[in-house]
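# Observations on the model geometry
Here's the letter readout for the chains.
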Amino acid sequence: MLSPNNTIFSIAYEFMVSRQRAIILIIKLLYMSVLLKLKKVNLKYKTGKDNISVLNNINLITKKKETVSIVGESGSGKTSLIMLVGGLERATSGKIFFQDQEITKLNEDQVSKIRKKSIGIIFQSFYLIPNYTAVENVALTLELNKLKNPESNAKELLDRFGLKHRLNNLPSQLSGGEQQRVAIARAIAMKPELILADEPTGNLDTENSIMISKILFNYVKEEGSSLIIVTHDSKLANKTDRKIKIIDGKIK
Ligand SMILES: Nc1ncnc2c1ncn2[C@@H]1O[C@H](COP(=O)(O)OP(=O)(O)OP(=O)(O)O)[C@@H](O)[C@H]1O
Ligand SMILES: [Mg+2]
């Protein structure tokens, strides 16, 4: 038979165990929703004898489905940060985790695999292949990733971005806004978990900027992807869940 003391002890014990379980669950949930984590990241460039410190002690966590804008003056390190997160540049020191994987530990091939599958990058200059048509530019990404029906999937995506009538045009036969829409279609063709956009409207007029930002934010909302966007446009920055300012290579 249980004594009153034993009963109190077992109730207290049960309470402790269930509380511990709840805490573990909360930690797990918090941890699960983290998409990207930068820990004391530094980036230095060597030019001649000089070492230029471009990014200093960057700590950043972004969550799944979160949209984040990066603002800051020219030369503050915004593009460098995008390049690091996209695995196009290597950190001089510090750790970068993407989907729980430490990408700073991986070799170039391994990083490139993750990028192709999970990260879509959009630049200010569209970087389309000049002798490929709109549809070929998008289909190439799908082909390289061995996806079925690359051409019909590419057509579908371009159609979604209002380019049904421009499928067979070369980049030189497209307007700036149209070229950027092709570049966005290419970047998201693999349905990446994270989209990195470096001043995607920087080369566009107001009308096209508005259209591109609508396309981008609608897509992110519909597909539940995360977005990190570098922009000088405060209206665009205000559309994101969170704004980060970089001053002289440091997050403020
Ligand atoms: N490959 C490189 N070698 C040496 N220095 C570099 C290199 N790339 C960038 N930098 C320097 O790093 C600093 C940050 O450059 P970054 O391109 O990240 O700036 P940014 O914030 O994107 O500027 P902008 O708004 O003009 O695009 C600049 O001072 C730049 O000169
Ligand atoms: Mg830049």
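Not measured: the values here are computed from a predicted model. (Residues numbered from 1 in each chain as written. Chains lettered and ligands numbered in written order. Predicted model: local features only at pLDDT ≥ 70, side-chain atom pairs only at ≥ 80, totals over all residues.)

## A word on the packing of helix α6 (residues 176-188) against helix α7 (residues 206-223)
Where α6 contacts α7, the two axes come as close as 10 Å, and the packing angle between them is 15 degrees. Comparing the axis directions of α6 and α7 gives the class roughly parallel. Viewed along their axes, α6 and α7 form a crossing whose handedness is right-handed. Mapping the contact onto sequence places G176, G177, Q180, R181, I184 and I188 in α6 and N208, M211, I212, I215, L216 and Y219 in α7. (Axes fitted to C-alpha atoms, helices over the stretch in contact; angles between N-to-C directions. Helix = DSSP H or I, 4+ residues; strand = E, 2+ residues; numbered from the N terminus. Parallel < 35°, antiparallel > 145°, perpendicular 65-115°, else oblique. Left-handed = near helix turned anticlockwise from the far one by under 90°. Contact = placed C-beta atoms within 7 Å.)

## Digging into unusual backbone geometry
Not every positive phi belongs to a glycine, and N57 is a case in point at roughly 50 degrees. In this fold, N57 is placed in strand β2 (residues 50-63). Positive phi values are uncommon outside glycine, yet K65 reaches one of about 70 degrees. For K65, the position within the fold is in the loop between β2 and β3 (67-71). Classification of K65 by C-beta neighbours within 10 Å gives partly exposed; the count is 16. (Buried ≥ 20, exposed ≤ 12 C-beta atoms within 10 Å, placed from the backbone.)

## With respect to the sheet that holds strand β8 (residues 226-230)
Across the sheet, which stays open at both edges, the six strands sit in the order β6-β7-β8-β3-β9-β10 with mixed pairing between neighbours. The two strands at the open ends of the sheet, each matched to only one other strand, are β6 (119-122) and β10 (250-251). In this structure, β3 lies alongside strand β9 (residues 242-247), joined through four bridges in parallel fashion. For S69, the partnering residue across the bridge sits in β9 and is K243. (Pairing = 2+ DSSP bridges.)

## Quick word on the site of ligand 1
The full set of residues close to ligand 1 is Y45, T47, I52, V54, G72, S74, G75, S76, G77, K78, T79 and S80. Those elements giving two or more residues to the shell around ligand 1 turn out to be β1 (34-47), β2 and α2 (78-85). The greatest single-element share of the shell around ligand 1, amounting to three residues, is contributed by α2. Residues of the shell around ligand 1, tallied by class, amount to three nonpolar, eight polar and one charged. (Near = placed C-beta within 6 Å. Nonpolar A, V, L, I, M, F, W, Y, C, P; charged D, E, K, R; others polar.)

## What about the domain arrangement of the chain?
Each assigned domain of the chain is listed here: domain 1 (1-32) and domain 2 (34-251). Here the C-alpha centroids of domain 1 and domain 2 sit 45 Å apart. (Domains from an automatic or database assignment.)

## Re the packing of helix α4 (residues 134-144) against α6
Put simply, α4 and α6 touch, their axes get as near as 8 Å, and they point 20 degrees apart. With respect to their mutual orientation, α4 and α6 come out roughly parallel. Crossing geometry of α4 relative to α6 is assigned as right-handed. Residues A134, N137, V138 and T141 of α4 touch α6, and the partners they reach there are V182, A185 and R186. Partitioning the contact of α4 with α6 into residue classes produces four nonpolar, two polar and one charged.

## Details of the sheet that holds β1
Hydrogen bonding along the main chain pairs the strands of a sheet, whether they run parallel or antiparallel. The sheet built from four strands is open, its strands ordered β2-β1-β4-β5 with antiparallel pairing. The strands lining the two open edges of the sheet, one partner per strand, are β2 and β5 (101-102). Pairing of strand β4 (residues 93-98) with β5 involves two bridges; the strand directions are antiparallel. Bridge pairing in β5 places F98 opposite Q101.

## Quick notes on the nonpolar core
Counting 58 residues, the largest nonpolar core has V138, L158, I184, A185, I195 and L196 as the members making the most contacts within it. No other element matches α6, which puts six residues into this core. The contact partners of L196, leaving out residues within four places of it in the chain, are I82, V85, G86, I119, I121 and I228. (Core = buried A, V, L, I, M, F, W, Y, C linked by C-beta atoms within 7 Å.)

## A closer look at helix α5 (residues 150-160)
Side chains of residues three or four places apart in an α-helix project in the same direction, reflecting 3.6 residues per turn. Buried within α5 we find P150, A154, L157 and L158. Down the axis, α5 shows its buried residues gathered within 95 degrees of arc, on one side only. On its buried face, α5 is in contact with α4 and α6. With its phi angle positive at about 75 degrees, G162 sits one or two positions after the end of α5. (Arc of directions from axis to C-beta.)

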